[in-house]
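What follows is the residue order along each chain.
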Amino acid sequence: MDVDQVLLEVVGEGEVASYIPALARVPADKFGIAVQTVEGDSFRAGDAEERFSIQSISKVFSLMLAMRIVTDSLWDRVGREPSGNAFNSLVQLEFERGIPRNPFINAGAIVVIDALISVLNEAKICFLEYARGLSGNESINFNDEVARSESETGYINFALANFLKAHDNIDNDLDVVLDTYFHHCSLDMSCVDLARAFLPLANNGFSTILGDAVLTRQQSRQVNSLMLTWGLYDAVGRFAYRVGLPAKSGVGGGIIAIVPNEMTIAVWGPGLDKTGNSAMGTRALEMFAQMTQRSIF
Ligand code: GLN
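Residues numbered from 1 in each chain as written. Predicted model: local features only at pLDDT ≥ 70, side-chain atom pairs only at ≥ 80, totals over all residues. Heavy atoms only, no water.

A. Summary view of the pattern of salt bridges. Applying the stated criterion across every chain yields a total of 10 salt bridges. Salt-bridge contacts for D114 lead to R77; the nearest nitrogen and oxygen are separated by 2.7 Å. Of this pair, D114 sits in helix α5 (residues 106-119) while R77 sits in the loop between α3 (58-69) and α4 (91-95), placing them 37 residues apart in sequence. For E286, the salt bridge is made with R242, and the minimal N-O distance between the two is 2.8 Å. Separated by 44 residues along the polypeptide, E286 in helix α14 (residues 279-292) and R242 in helix α13 (residues 236-242) bring together distant segments of the chain. (Salt bridge = Lys/Arg side-chain N within 4 Å of Asp/Glu carboxyl O. Helix = DSSP H or I, 4+ residues; strand = E, 2+ residues; numbered from the N terminus.)

Rendered as structure tokens:
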């Protein structure tokens, strides 16, 4: 598998996220790619071992954990439909009376995190331990500077959370919920860490690192279906057309893609396109899928 070829052909493009000041300082010319197969092979190129802010990719971990431990129906509080609006849109939430369209828009992730806080004593720490366990890397950590930076400028997320609370869709203290949300988003991981951590979604819910199932086969399919239908926000249709794999992006420039029963591919390129997805990462995944003839379609 020639991941170096993908690296060579992807040229720097897109704009680094600046609405979170601590992210604006990341050099735009970084690029990494890591592949992990269910058989245990791994491939990497470029800045694959450098950690970056995983941002909304963390929303998948929050959901996986909630599907496992939240017993009340999460799906009464958050939908499973594509949104068709920006990831931080307030408009739809008003129309739909405080029920976010899906768990991968900001409002949906805030509800999922509120549900986690209701069942966990230390939701932040449990989440961190969960990500460490999945990736087999105990040194993974939150980036407090990024979390603080986001909390200082996160007016829209505060607005979303207040709106959810007004519609009785937040049970816990708003400051605690948002602090937990910003910390989840601030998690720093490398492409190698991500490719390993997401392997259960390519392996019917089974983690080879933990030697245990972290999701049932059915739940693993369900998470993949949500990634396919809203993992890349308002570019999800184009991404399915170009790449054809379930995936999740974050404004830190990372994208994780799943080839069911075979492998995960993590890419990182901080320059974003207008929809908030890594421009280089999308192109790299498109090339990778074409070169290896992988697609779920
Ligand atoms: N922390 C970011 C926010 O809340 C996450 C957005 C993203 O990665 N798409 O705006």
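B. Molecular detail of the environment of T229. Mapped onto the fold, T229 is located in helix α12 (residues 217-230). Distance in space between the C-alpha atoms of T229 and R80 is 8.7 Å, their sequence separation being 149 residues. Not counting residues within four places of it along the chain, the set of residues in contact with T229 comprises P82 and V236. Polar contacts involving the side chain of T229 include one to the main-chain carbonyl oxygen of S225, which spans 2.9 Å. (Contact = heavy atoms within 4.5 Å. Polar contact = N/O pair within 3.5 Å; in protein donor to acceptor, adjacent residues only side chain to side chain.)

C. Inspection of the site of the ligand at higher detail. Surveying the vicinity of the ligand reveals 13 residues, the closest of which are Y19, Q55, S56, E150 and Y181. Between an oxygen atom of the ligand and a side-chain N or O atom of N157, the distance comes to 2.9 Å. About the coverage of the ligand: the protein hides 99% of its 300 Å² of free accessible area. Considered class by class, the residues forming the shell around the ligand number six nonpolar, five polar and two charged. (Near = heavy atom within 4 Å. Areas by Shrake-Rupley, 256 points an atom, 1.4 Å probe, with all protein chains shown as cover. Nonpolar A, V, L, I, M, F, W, Y, C, P; charged D, E, K, R; others polar.)

D. Structural detail: the packing of α3 against helix α6 (residues 123-135). Between α3 and α6, whose axes approach to 11 Å, the crossing angle comes to 100 degrees. With respect to each other, α3 and α6 are oriented roughly perpendicular. In this structure, α3 uses S58, F61, S62, M64 and L65 to contact α6, whose residues at the interface are F127, Y130, A131 and L134. In terms of residue class, the contact of α3 with α6 is made up of seven nonpolar, two polar and no charged. (Axes fitted to C-alpha atoms, helices over the stretch in contact; angles between N-to-C directions. Parallel < 35°, antiparallel > 145°, perpendicular 65-115°, else oblique.)

E. The arrangement of the pairing of strand β9 (residues 254-259) in detail. Of all six residues in β9, six are buried; the element is thus mostly enclosed. Burial of β9 is two-sided: the residues G254, I256 and I258 facing one way and the residues I255, A257 and V259 facing the other way are all buried. Bridge analysis of strand β8 (residues 247-249) against β9 gives three bridges, and the strand direction is antiparallel. Note on β9: the bridge partner recorded for A247 is A257. Alignment of β9 against strand β10 (residues 263-268), held across six bridges, turns out to be antiparallel. Following the sheet pairing, V259 is matched in β10 by M263. What sits between β9 and β10 in their antiparallel hairpin is a turn of three residues, with N261 showing a positive phi close to 70 degrees. (Buried < 20%, exposed > 50% of the residue type's maximum accessible area, 1.4 Å probe, protein only. Pairing = 2+ DSSP bridges.)

F. Representation of the sheet that holds β9 within the structure. Read from one edge of the open sheet, five strands run β3-β2-β10-β9-β8, paired in antiparallel fashion. In the strand order of this sheet, the two ends are held by β3 (42-46) and β8, each with one partner. Averaged over all pairs of adjacent strands, the angle between strand axes in this sheet comes to 10 degrees, irrespective of strand direction. Contacts from α14 reach β2 (32-37), β9 and β10, with the element oriented near 145 degrees to β10.

G. Quick look at α6. The terminal C-alpha atoms of α6 lie 18 Å apart, and with 13 residues this matches the ideal 18 Å at 1.5 Å per residue to within 8%. The complete set of buried residues in α6 reads A123, F127, L128, Y130, A131, R132, G133, L134 and S135. For α6, the secondary structure elements touched by its buried residues are α3, α5, α9 (174-186), β5 (188-189), α10 (191-197) and α11 (199-202). Looking one or two residues beyond α6, the residue adopting positive phi is G136, at roughly 70 degrees. (Expected span 1.5 Å × (residues − 1).)

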